[in-house]
Amino acid sequence: MAKKPLGKDKFGVQKVMRVSDYFGDCTGQFALNAISTLVGQLTYFYTDKVYMAAGSVATMLLIVKVLDAFTDLIMGNIIDHTKPGKEKYRPWMLKAGIPAGIMIVLLFCVPNVGSAGQIAYALITNLLLSAVCYTAMAVPYTSLMTVRTNSQEERGTMGIWRSASGYVSGFIMAICIIPITNALGGTQSVWIKFGFVLGIVVILAALICYLTGRETATEAGAEVKAEDIKEEDPVPFKEAIGKLFHNKYWVIVLIVNLMACILYSLTASSGTYYCKWIFGNDNLVSVLGGVGLIPTLLGFILVGPMIKKLGVVNTLKVSFGMGIAGNVLLLFTRDIFVCYAVFGCINTFATIPMMCLVGTMTAMSIDFNEYKYGNRMVASSNSASSFGGKVGSGVGSAAIGWILAIVGYDATLEVAPATTKTAIYGFSIVMPLIMFIIMFVLVSQFDLERKLPAMKEEIAAREAAGQK
């Protein structure tokens, strides 16, 4: 049976994506979030399972994240300088996906070779997983959104599918890793077995994304013509970075992504400490994960209608406002589990739109590159943006370890002292509140959404006239 022809979006741009395309594309995000969520649990694994010093772990993870961020810039430059006629993005899902699955297992095989040896092993394995394998997957994957379709509507839908898939991946990790490993004994060997299963899942997800991906804004099965493949002259790395920092919209996305990743990292790592030391049972993480499914589902259901009704910026402003309110309420009810769960649901809902729209906002800022400079610099733009995101993740993870080290955190105690509880309140409530406030202010300055259609028309006119 012939497929029903796809129509055009509200701006008159041809649609090229079907449900099968969205599904295949989002499996890449499933693999990436499985890795990033796992990395978010490493502080707990290292301090409470291998008994490494919290301060040393925090410093090690920050070093990894900073170096990891710089490899994003290198990867973006490599991709943008790929020889014409070759696929730039899709092959990396396979090239890096298989090694990533292997590195996940090795991550937990920390040998008993003394404190210095364990830190060195953790540093090397984290670098190989995050700075090499993850980066080689993430930069080309995020770039695919820009080249896969020219429709902002389809890019938004891709963002929703990707975010939903990534959240499912992170949700499974959040509710499963602690209870499952604890139920099987909670030992390091159990975590290694868990890593083996997760590694296989990551490899399969990356393979599906590779097999179903495309690098042209055409429907699957359609003939790819020469004009469908838009080749651009590569921009030298230093020049590209300079141009990006003169694109105010890209700078806004960069900083908001930085703040969001600090928030995500704090959320991923702080819940276990909060449940263990404030409520006395780290298995409550699974309860919170189950309750958190409700605002997550509502978020993914409502974000589409919110975007259509309010637009990208106003949707983010509403969600960030909810995050501010949720954390303010938590300040006054921080020791009550029911309140922690309920107001935590508000905060969870508040993060969903940003998950869905960061790729769309980045794609819009890349379109502005084309308007301003005549060159989109796709991979460089995405890699430099993810640079900020990875630094944010590192800061978030390191902040928890440093704060715990400052108060003399001891994982072997039966009851947490007052200083430890204060530290946990700080990185679980106060810091997320600050992140939401900063993001609210920044997205209020992003006015590109309403300007972009006219800019696209001007770009088309320039091309028709043979101009840049």
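Everything below is about the structure shown above.
A brief look at the structure comes next. (Residues numbered from 1 in each chain as written. Predicted model: local features only at pLDDT ≥ 70, side-chain atom pairs only at ≥ 80, totals over all residues. Heavy atoms only, no water.)

Some remarks on the nonpolar core
Next up, step 1: Tyr46, Tyr273 and Phe446 are the most contacted members of the largest nonpolar core, which totals 111 residues.
Next up, step 2: With six residues, the next largest nonpolar core counts Ala240, Leu244, Leu254 and Met377 among its residues. (Core = buried A, V, L, I, M, F, W, Y, C linked by side-chain atoms within 4.5 Å. Buried < 20%, exposed > 50% of the residue type's maximum accessible area, 1.4 Å probe, protein only.)

Quick word on the packing of aromatic side chains
Next up, step 1: Per the counting criterion, the structure on display carries 19 aromatic pairs.
Next up, step 2: Ring geometry for Tyr22 and Trp161: centres 5.8 Å apart, planes at 20 degrees, overall stacked. Taken together, the residues Tyr22 in helix 1 (residues 19-40) and Trp161 in helix 6 (residues 152-183) connect sequence positions 139 residues apart.
Next up, step 3: For Trp161, a relative accessible area of 28% puts it in the partly exposed group.
Next up, step 4: Considering the side-chain rings of Phe279 and Tyr340, the 5.6 Å spacing of their centres and the 65 degrees angle between planes classify their relative orientation as edge-to-face. Taken together, the positions of Phe279 in the loop between helix 9 (248-277) and helix 10 (284-310) and Tyr340 in helix 12 (residues 337-373) put the pair 61 residues apart, joining distant regions of the chain. Taken individually, Phe279 and Tyr340 each receive the classification buried, so the pair is uniform in this respect.
Next up, step 5: An aromatic cluster is present here, built from Tyr44, Tyr273, Trp277, Tyr409 and Phe427 joined pairwise through their rings.
Next up, step 6: Above the face of the Tyr425 ring, Arg334 is positioned so that its terminal group lies 5.1 Å from the ring centre. (Phe/Tyr/Trp six-rings, centres within 6.5 Å; stacked < 30°, edge-to-face > 60°. Helix = DSSP H or I, 4+ residues; strand = E, 2+ residues; numbered from the N terminus. Lys NZ or Arg CZ within 6 Å of the ring centre and 35° of its normal.)

Regarding the packing of helix 4 (residues 91-107) against helix 5 (residues 114-148)
Next up, step 1: Orientation of helix 4 relative to helix 5, taken along the N-to-C sense of each, is 155 degrees, at an axis distance of 9 Å. Taken together, the axes of helix 4 and helix 5 lie roughly antiparallel to each other. Regarding helix 4 and helix 5, the two cross each other, and that crossing is left-handed. Counting all contacts with helix 4, which are made through Trp92, Met93, Ala96, Gly97, Pro99, Ala100, Met103, Ile104, Leu106 and Leu107, the residues of helix 5 involved are Tyr121, Thr125, Asn126, Leu128, Leu129, Cys133, Ala136, Met137, Pro140 and Tyr141.
Next up, step 2: Its residues placed into classes, the contact of helix 4 with helix 5 shows 17 nonpolar, three polar and no charged. (Axes fitted to C-alpha atoms, helices over the stretch in contact; angles between N-to-C directions. Parallel < 35°, antiparallel > 145°, perpendicular 65-115°, else oblique. Left-handed = near helix turned anticlockwise from the far one by under 90°. Contact = heavy atoms within 4.5 Å. Nonpolar A, V, L, I, M, F, W, Y, C, P; charged D, E, K, R; others polar.)

Points about a nonpolar patch on the surface
Next up, step 1: Residues Phe196, Val197, Ile200, Val201, Leu204, Leu207 and Leu211 make up a contiguous nonpolar surface patch of roughly 620 Å² in combined accessible area.
Next up, step 2: Along the chain, Leu207 turns up in helix 7 (residues 188-212).
Next up, step 3: According to the relative accessible area criterion, Leu207 is partly exposed, its value standing at 32%. (Patch = residues over 30% accessible without salt bridge, like charges linked within 9 Å, V, L, I, M, F, W, Y side chains within 5 Å. Areas by Shrake-Rupley, 256 points an atom, 1.4 Å probe, with all protein chains shown as cover. Salt bridge = Lys/Arg side-chain N within 4 Å of Asp/Glu carboxyl O.)

A word on the packing of helix 9 against helix 12
Next up, step 1: With their axes 10 Å apart at the nearest point, helix 9 and helix 12 run at an angle of 150 degrees to one another. The orientation of helix 9 with respect to helix 12, classified from their angle, is roughly antiparallel. Between helix 9 and helix 12 the crossing geometry is left-handed. Contacts from Tyr249, Trp250, Val253, Val256, Asn257, Ala260, Leu263, Tyr264, Gly271 and Tyr274 in helix 9 reach Tyr340, Thr351, Met354, Met355, Val358, Met361, Thr362, Ser365 and Phe368 in helix 12.

Observations concerning the environment of Glu414
Next up, step 1: Within the secondary structure, Glu414 sits in the loop between helix 13 (378-406) and helix 14 (418-443).
Next up, step 2: For the pair Glu414 and Gly159, spaced 255 residues apart in sequence, the C-alpha separation works out to 44 Å.

Section: the pattern of salt bridges
Next up, step 1: All told, the structure shown has eight salt bridges when counted by the stated rule.
Next up, step 2: In this structure, Arg162 and Asp25 form a salt bridge, with 2.7 Å as the shortest nitrogen-oxygen distance. Of this pair, Arg162 sits in helix 6 while Asp25 is found in helix 1, placing the two residues 137 residues apart along the sequence. Here Arg162 matches Asp25 in class, with each residue buried.
Next up, step 3: Residue Asp447 pairs with Lys451 through a salt bridge whose shortest N-O separation is 3.2 Å.

As for the side chain of Thr43
Next up, step 1: Looking at the secondary structure, you find Thr43 in helix 2 (residues 42-48).
Next up, step 2: Judged by its relative accessible area of 4%, Thr43 is buried.
Next up, step 3: Excluding residues within four positions of it along the chain, Thr43 makes contact with Val57, Leu61, Tyr273 and Ser397.

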